[in-house]
Protein chains: 2
Amino acid sequence: MIDNSDGKETKMETPAIPTLDAQLCFAIYSAAHAFTRSYKPLLDPYGLTYPQYLVMLALWEEDGRTVKALGGSLGLDSGTLSPLLKRLEASGYIARARDRDDERQLLVTLTPRGRDLGGEAAGIRAEIGRATGCAPGVLEELTAALRRLTDNLKAGEDTQADAA
Amino acid sequence: MIDNSDGKETKMETPAIPTLDAQLCFAIYSAAHAFTRSYKPLLDPYGLTYPQYLVMLALWEEDGRTVKALGGSLGLDSGTLSPLLKRLEASGYIARARDRDDERQLLVTLTPRGRDLGGEAAGIRAEIGRATGCAPGVLEELTAALRRLTDNLKAGEDTQADAA
DNA sequence: CAAAATTAAATTGTGTCCAATATAATTTTG
DNA sequence: CAAAATTATATTGGACACAATTTAATTTTG
């Protein structure tokens, strides 16, 4: 802490606390909420929430995955995924079945309806891309920068464990 | 939908669905979670959650605000803020009192302990800044880019209302 | 001025998230 | 091979987040 050399009091009144709007963490927090809100009217007709849509994206990328594998891709654990997957099953987009070779594992597979949704969702992706108001190149750069940031933060979590 | 002019089948099998990792919305979603997780061990000693910390930031910036005003800064409504503010009060960081001039409004003010926390939190900010692994200039640019993006998305929400 | 409209918070219900625990199946070890 | 350790998923409890409703106070209007 820098000394307030011309002040008389020992404790400083308000020691340069950054503005909410100046903080990257808040910019990301706000952007995440803005994305969720933008997706909502596009996903509502399909009865999907935004996190559910992310799970569908993961399954369109690779079908027939376990809860563990999905959780790895999405950064979520079974506490979040278990009930979410039940809702996706109730909506008719996925099927849940135990792996015959390892009954601990649950295999999540797309139903025909869930698979078809991937094509129908092209309109959603186009609409969102438009809503960002950014050129594709800018979006890619931002995405890459955020992934680097996320990786750094994740690495820091481990480091902290040592320090603590 | 665009016609698949050289294909024979009416429906395309898998029409170029982007990877999870290629999507900006998921990069932001992941970064937001990573920040929350990075903050957690730093905020736990104070009994604060990350959203509660954001409210404190807003109050350090301007004390004595109404729920409505806080919600405007944070992008949250009373449904989220009402219970959260009660928890902050229970933790001793803020006081909640009705505005004498307009009994509908609730004035949220920092307690001495809440005010002091702003200074103590300097260590948290330093630690997080370090954890991002980014130069200050990069952080500022990212913040600005995300704010533009968020503004665009918010503007799009209104546009959509017209179209729908 | 009184009824109607508006506004600010609080409440309720649904759906994430995460931590901690429980349950069940598999693998490792003695 | 049987007990112990590990692994995968499910469940429980606390805290957001948001839509919709409710309540109370204020403002607008007739």
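From a predicted model like this one, the values you see are computed outputs, not experimental measurements. (Residues numbered from 1 in each chain as written. Chains lettered and ligands numbered in written order. Predicted model: local features only at pLDDT ≥ 70, side-chain atom pairs only at ≥ 80, totals over all residues. Heavy atoms only, no water.)

Colleague: Help me out: how do you make sense of the overall build of chain A in this one?
Modeller: Broken down by element type, chain A carries 7 helices and 3 strands. Mapped from its N terminus to its C terminus, chain A presents α and β elements in the order α-α-β-α-α-β-β-α-α-α. In chain A, which comprises 164 residues, the proportion classed as buried is 41%. Residue pairs in contact within chain A that sit at least 24 positions apart in sequence constitute 50% of those at least 6 positions apart. Here chain A displays about 9,200 Å² of accessible surface, and carbon together with sulfur accounts for 50% of that area. (Helix = DSSP H or I, 4+ residues; strand = E, 2+ residues; numbered from the N terminus. Buried < 20%, exposed > 50% of the residue type's maximum accessible area, 1.4 Å probe, protein only. Contact = heavy atoms within 4.5 Å. Areas by Shrake-Rupley, 256 points an atom, 1.4 Å probe, with all protein chains shown as cover.)

Colleague: Looking at this model, I keep getting lost on the protein's contact with DNA strand D. Mind explaining?
Modeller: Near DNA strand D you find 29 residues, and of these Tyr29(A), Arg37(A), Ser82(A), Lys86(A) and Arg87(B) are the closest. Counting only the atoms of DNA strand D within 4 Å of the protein, the fraction contributed by sugar and phosphate is 79%. Note that a phosphate oxygen of DNA strand D is positioned 3.0 Å from one of the backbone N or O atoms of Leu106(A). Glu103(B) is positioned with one of its backbone polar atoms (N or O) 3.1 Å from a phosphate oxygen of DNA strand D. Contributions of two or more residues to the surface near DNA strand D are made by α1 (24-43), α3 (67-74), α4 (78-90) and β2 (94-98) of chain A together with α2 (50-61) and α4 (78-90) of chain B. Here the residues of the surface near DNA strand D are counted per class, giving 6 nonpolar, 11 polar and 12 charged. (Near = heavy atom within 4 Å. Polar contact = N/O pair within 3.5 Å; in protein donor to acceptor, adjacent residues only side chain to side chain. Nonpolar A, V, L, I, M, F, W, Y, C, P; charged D, E, K, R; others polar.)

Colleague: Would you take a moment to explain the sheet that holds strand β1 (residues 65-66) of chain A for this structure?
Modeller: All names here are of chain A. A sheet is described by the order of its strands in space; here 3 strands give the open sequence β1-β3-β2, paired in antiparallel fashion. Edge strands, defined here as strands with exactly one partner in the open sheet, are β1 and β2. Bridge count for β1 against strand β3 (residues 106-110) is 2 bridges, and the pairing is antiparallel. Among the inter-strand pairings, Arg65 is bridged to a residue of β3, identified as Val108. (Pairing = 2+ DSSP bridges.)

Colleague: I'm lost on the protein's contact with DNA strand C in this one. Help?
Modeller: Taken together, 28 residues surround DNA strand C, and among them Thr49(A), Gln52(A), Tyr29(B), Arg37(B) and Ser82(B) come closest. Looking at the surface near DNA strand C, the elements with two or more residues in it are α2 (50-61) and α4 of chain A together with α1 (24-43), α3 (67-74), α4 and β2 (94-98) of chain B. Residue composition of the surface near DNA strand C, by class: 6 nonpolar, 10 polar and 12 charged.

Colleague: Explain the interface of chain B and chain A to me, please; I cannot follow it from the model alone.
Modeller: One widely used convention gives an interface's size as the accessible area the parts lose upon coming together. Every contact between the two is made by 56 residues of chain B and, on the other side, 56 residues of chain A. Carbon and sulfur atoms make up 68% of the area that chain B and chain A hide from each other, which totals about 5,500 Å². The interface formed by chain B and chain A contains 0 salt bridges. Counting across the chain B and chain A interface gives 10 residue pairs in polar contact (both at pLDDT 80 or more). Breaking the side of chain B that touches chain A down by element, the ones donating at least two residues are α1, α2, α3, α5 (112-120), α6 (122-132) and α7 (136-163) of chain B. With 16 residues, the top contributor of residues to the side of chain B that touches chain A is α1(B). Looking at side-chain class alone, the side of chain B that touches chain A contains 34 nonpolar, 14 polar and 8 charged residues. (Buried area = accessible area lost by both parts, 1.4 Å probe. Salt bridge = Lys/Arg side-chain N within 4 Å of Asp/Glu carboxyl O.)

Colleague: How do you make sense of the pairing of β3(A) when you look at a structure like this?
Modeller: Residue and element names in this part refer to chain A. Burial of the side chains of β3 is restricted to one face: Leu106, Val108 and Leu110 are buried, whereas none of Leu107 and Thr109 on the reverse face is. Pairing of β2 with β3 involves 5 bridges; the strand directions are antiparallel. Across the sheet, residue Ala95 finds its bridge partner in β3, namely Thr109.

Colleague: What's the story with the pattern of salt bridges in this structure? I'm lost.
Modeller: Close approach of charged atoms allows side chains with opposite charge to pair. Residue and element names in this part refer to chain A. For the coordinates displayed, the defined rule picks out 10 salt bridges over all chains. Asp102 is the salt-bridge partner of Arg104, the closest N and O atoms lying 2.9 Å from each other. Looking at Arg104, the relative accessible area reads 71%, which means it is exposed.

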